[in-house]
Amino acid sequence: MNRHAPALAVLAAAVLWSLISIFVRGLSALGFDSMQIVAGRCLLSALLTFLFLFFRDRRLLRVRPRDLWLFAGTGLMSMVFFNWCYFSTIRAAGAGIAVVLLYTSPIWVMLFSALFFKEKIGPAKLLALACTFGGCVLVAGYTGGQTLTGGGILIGVCSGIGYALYSIFGQAALSRGYHTFTVTAYTFFFAAAGCLLLTSPLQLARLCAQPLALGEVLINTLICSILPYLLYTWGLARMEAGRAAILATAEPLSATLIGIFLWGEPLTPAKCAGVALIFAAVVLLNRRETARAH
């Protein structure tokens, strides 16, 4: 296996996650709110992944009951919790602050990984972490002028912690011998169950019954949910969680480029600097990995 394959898988996942902005616009125009978009993705992702494994290899659906809490961690405590916190922060403090606080996630991954997996935090990781966080601040367009409240900051930080928990619980599940497909399928199962508590299933069904809506939800699910989570989980199984989390911050970089080229958003000097910092962090981590391989 190419030594760069895990990093490329995580970067590909980040790019695919960033494509969700394309579908959010379309689904929002059809009347979906943020949590309904997440719920649709999770429900359909759970259905498709379980059907695939049922017909392809049913052994991958077997999990030990004592390990179910790990998948509740990736699905409920990470996917559902971070999405709820993220959207709540957007409403309370604006998108710029929400993005910045969400992308404190690599900090939490690094701290949790050091605590639970004994991963080392070296100078290269710290420098890459500083570059990614600084890059996310610039890319998000946060200038310090927004009004901040204690509650808004707390919920925003919780979104970053929730986002980080996928890497922690996911790596713990992978270390117990579970396949990438198993982790992904049960993550979506628990996430779908959680989403049903936050949305009206009847209203969601009515929205999906609109012409073009179900097709758009299906494409969104395949491209922005199932495939990137499989890629990220596969990469996570083959590298340190802290490194994977930093590489995943290529998502706002990709989202910025999509906004510029598809939606005509302005390319400001701050965004250019942010993109450069995130790119520098990715290069730094991969150079470090290449040096270790030699």
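Below: a short report on this structure. Predicted, not measured: the structure shown is a model, and the values here were computed from it.

## So, helix 3 (residues 34-56)
Over its 23 residues, helix 3 extends 33 Å from the first C-alpha to the last, a length consistent with the 33 Å expected when each residue adds 1.5 Å. The backbone nitrogen of Met35 lies 3.2 Å from a side-chain oxygen of the residue at the head of helix 3, namely Asp33.

## Some points on the nonpolar core
Phe32, Tyr232 and Leu247 are the most contacted members of the largest nonpolar core, which has 79 residues in total. Element by element, the count of residues in this core is highest for helix 8 (residues 150-175), at 9 residues. Once residues lying within four places of it in the same chain are set aside, the contact partners of Tyr232 are Val10, Ala13, Trp17, Tyr166, Ser167, Ala244, Ala245 and Ala248.

## Remarks on the packing of aromatic side chains
Within the structure shown, the criterion is met by 19 aromatic pairs. Ring centres 5.1 Å apart and planes at 75 degrees place the aromatic pair Trp17 and Tyr229 in the edge-to-face group. On the criterion of sequence distance, the pair formed by Trp17 in helix 1 (residues 5-18) and Tyr229 in helix 11 (residues 213-236) is long-range, its members being 212 residues apart. In terms of burial, Trp17 and Tyr229 fall into one category: buried. With a centroid separation of 5.3 Å and 75 degrees between ring planes, the pair formed by Phe71 and Tyr178 is classed as edge-to-face. With Phe71 in helix 4 (residues 68-93) and Tyr178 in the loop between helix 8 and helix 9 (180-198), this residue pair connects regions lying 107 residues apart in the sequence. For Phe71, a relative accessible area of 0% gives the class buried.

Cut-offs and rules
Residues numbered from 1 in each chain as written. Predicted model: local features only at pLDDT ≥ 70, side-chain atom pairs only at ≥ 80, totals over all residues. Heavy atoms only, no water. Helix = DSSP H or I, 4+ residues; strand = E, 2+ residues; numbered from the N terminus. Expected span 1.5 Å × (residues − 1). Polar contact = N/O pair within 3.5 Å; in protein donor to acceptor, adjacent residues only side chain to side chain. Core = buried A, V, L, I, M, F, W, Y, C linked by side-chain atoms within 4.5 Å. Buried < 20%, exposed > 50% of the residue type's maximum accessible area, 1.4 Å probe, protein only. Contact = heavy atoms within 4.5 Å. Phe/Tyr/Trp six-rings, centres within 6.5 Å; stacked < 30°, edge-to-face > 60°.

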